[in-house]
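Examination of the molecular architecture
The residues making up each chain are set out below.
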Amino acid sequence: MTGELFPRPSRELAPGAVLLPDWLDLTQQRELVAACREWARPPAGLRRVRLPGGAEMSVRQVCLGWHWAVVPRCPTCGVARKAAEGCPRHWFPYAYLRTTADGDGAPVKPFPAPLGVLARRAVAAAYGPRVAQIPGALDYAPDVALVNHYGEGARMGLHQDLEERTDAPVVSLSLGDSCVFRLGNSSTRNRPWTDVELRSGDLLVFGGPARYAYHGVLRTLPGTADPVLGLSGRLNITVRCTGLAD
Ligand SMILES: O=C(O)CCC(=O)C(=O)O
Ligand SMILES: [Fe+2]
């Protein structure tokens, strides 16, 4: 945001969860918004996700590299339960797939190499000299990105990012309208939590002890985006490592 009297300082919201405000300059933000526009196009473009309970998520999402989807049964073993003994790669009710099974069925778009480079820089910037102490941070090699668009009124309930098979950090980049983001703890949906405003260009990395912290978006703040971005609403890109080989 322009017109800030004092730059917002970097903050560690909880051990392992580092917020670097204004990490992306306006040019980088514009480039990422333009890229998101391309990624959002069909085939395998932006879609609305229907949750296991039947409700639709208020965000619209496009995936790169791997497709995150709600599945009616485990695509590996066919069992529709949270756990299935003997299944080498059990997924339920969420899975990483190579096709947009809950969309138009097209192959997922490839993970863009420049986004991987940016995310590696993000992890290094967030952790600095202690990067080697954060699991999966030193050789950060992401292979999936989830791009979420928040229109007016959209939010994201508190959840943990659990579908990945590694403890490597999650890199989150925010674009467009600001939002109120809640970072909680790893064991319950209750306090302690920290509510923080995420603005366009902000970087949040959560790894180490914060990797499995509950988090969510309470609300967006419509009209707060810099008009030069030409974006209505908010975009969030999370970059992750699935830990999957194929
Ligand atoms: O929009 C955000 O800031 C968070 C998104 C998120 O938690 C997710 O995609 O899993
Ligand atoms: Fe998440």
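Each chain carries its own residue numbering, running from 1 in the direction its sequence is written. Lettering for chains starts from A, numbering for ligands starts from 1, and both go in the order in which the items are written. Given that the model is predicted, a residue must reach a pLDDT of at least 70 before its local features are reported, and side-chain atom pairs must reach 80 or more before they are shown or counted; all residues, however, enter totals for whole chains, interfaces and linings. Excluding hydrogens and water, the side-chain values take into account all heavy atoms of the structure.

- Per an unreviewed UniProt entry, the recorded name for the protein is Alpha-ketoglutarate-dependent dioxygenase AlkB, and the organism is Kitasatospora acidiphila.

A look at the nonpolar core
- Residue types Ala, Val, Leu, Ile, Met, Phe, Trp, Tyr and Cys, when buried and joined through side-chain atoms within 4.5 Å, form a set referred to as a nonpolar core. Burial classification: accessible surface area is computed with a 1.4 Å probe over protein chains only, and a residue below 20% of its type maximum counts as buried, one above 50% as exposed, and the rest as partly exposed. Judged by nonpolar contacts, the single largest core of 36 residues is most densely connected at Leu 115, Tyr 127, Val 171, Leu 173, Ile 237 and Val 239.
- Taken together, the elements giving at least two residues each to this core come down to strand S2 (17-20), helix H1 (26-40), strand S4 (56-64), helix H2 (113-127), strand S7 (144-150), strand S9 (170-176), strand S12 (203-206) and strand S14 (234-240).
- If one sorts the elements of this core by residue count, H2 sits on top with 7 residues.
- A contact between two residues is defined here by any heavy atoms of the two lying within 4.5 Å. In this structure, Leu 115 is in contact with Leu 32, Trp 39, Leu 64, Ala 145, Ile 237 and Val 239, ignoring residues within four places of it in sequence.
- Grouped together as the second largest cluster of nonpolar side chains are 34 residues, Val 49, Ala 95, Ala 154 and Leu 204 included. Secondary structure follows DSSP: runs of H or I at least 4 residues long count as helices, runs of E at least 2 residues long count as strands, and numbering of each begins at the N terminus.

A word on the UniProt feature "domain: Fe2OG dioxygenase" (unreviewed entry) in the protein
- UniProt records the feature "domain: Fe2OG dioxygenase" (unreviewed entry) for residues 141-243 in the present numbering.
- Measuring from the first to the last C-alpha atom of residues 141-243 gives 9 Å, for a span that is 0% helix and 46% strand. UniProt positions are given in the numbering used here, feature names are shortened, and annotations may be inferred rather than shown by experiment.

Remarks on the site of ligand 1
- Near ligand 1, the surroundings consist of Asn 148, Tyr 150, Met 156, His 159, Asp 161, Phe 181, His 215, Val 217, Arg 234, Asn 236, Thr 238 and Arg 240.
- Asp 161 places a side-chain nitrogen or oxygen 3.2 Å from an oxygen atom of ligand 1.
- Interatomic distance of 2.8 Å between a side-chain N/O atom of Arg 234 and an oxygen atom of ligand 1.
- When residues of the shell around ligand 1 are traced back to their parent elements, those giving at least two are S7, strand S8 (156-159), strand S13 (215-221) and S14.
- In terms of residue count, the dominant contributor to the shell around ligand 1 is S14 (4 residues).
- As a working rule, the residues Ala, Val, Leu, Ile, Met, Phe, Trp, Tyr, Cys and Pro are called nonpolar, Asp, Glu, Lys and Arg charged, and the rest polar, with Gly in that last group. Split into classes, the residues belonging to the shell around ligand 1 amount to 4 nonpolar, 5 polar and 3 charged. Note on terminology: near, applied to a residue and a molecule or strand, indicates that one of the residue's heavy atoms is within 4 Å of it. Polar contact is defined as a pair of N or O atoms within 3.5 Å, subject to the rule that within protein one atom must be able to donate a hydrogen and the other to accept it, and that residues adjacent in sequence are counted only when both atoms are side-chain atoms.

Details of the coordination of the iron ion (ligand 2)
- Only His 159 (NE2), Asp 161 (OD) and His 215 (NE2) from the protein reach the iron ion (ligand 2) as donors, at distances of 2.0 to 2.2 Å.
- For Asp 161, a relative accessible area of 3% gives the class buried.
- You can call His 215 buried: its relative accessible area is 6%. For Na, K and Ca the donor cutoff is 3.2 Å, while for all other metals N, O and S atoms count as donors only within 2.8 Å; water does not appear among the atoms, so some sites may look incomplete.

Some remarks on the sheet that holds S14
- The strand order S1-S2-S12-S9-S14-S7-S4-S3 describes an open sheet built from 8 strands, whose pairing is antiparallel. Since the sheet does not close on itself, it has two edges, and those belong to strand S1 (11-14) and strand S3 (47-50), each with one partner. Going from strand to strand, the sheet's axes swing by 30° on average, the running direction of each strand aside.
- Of the pairings in the sheet, the one linking S7 to S14 comprises 7 bridges and is antiparallel in character. Bridge pairing in S14 places Val 144 opposite Arg 240.
- Convention adopted: a line fitted to C-alpha atoms gives each axis, helices being fitted over their contacting stretch, and angles between N-to-C directions are expressed from 0 to 180 degrees. Where H1 meets the sheet, its contacts fall on S4, S7, S9 and S14, and the angle it forms with S14 comes to roughly 85°. At least two bridges found by DSSP between two strands are what make those strands a pair.

Points about the sheet that holds S8
- Here 4 strands make up an open sheet; going across it, the order is S8-S13-S10-S11 and the pairing antiparallel. The open sheet terminates on both sides in strands that have one partner only, identified here as S8 and strand S11 (194-198). The average undirected angle you get between the axes of adjacent strands in this sheet is 25°.
- Examined bridge by bridge, S8 and S13 share 2 bridges and lie antiparallel to one another. The residue bridging His 159 from the neighbouring strand is His 215, located in S13.

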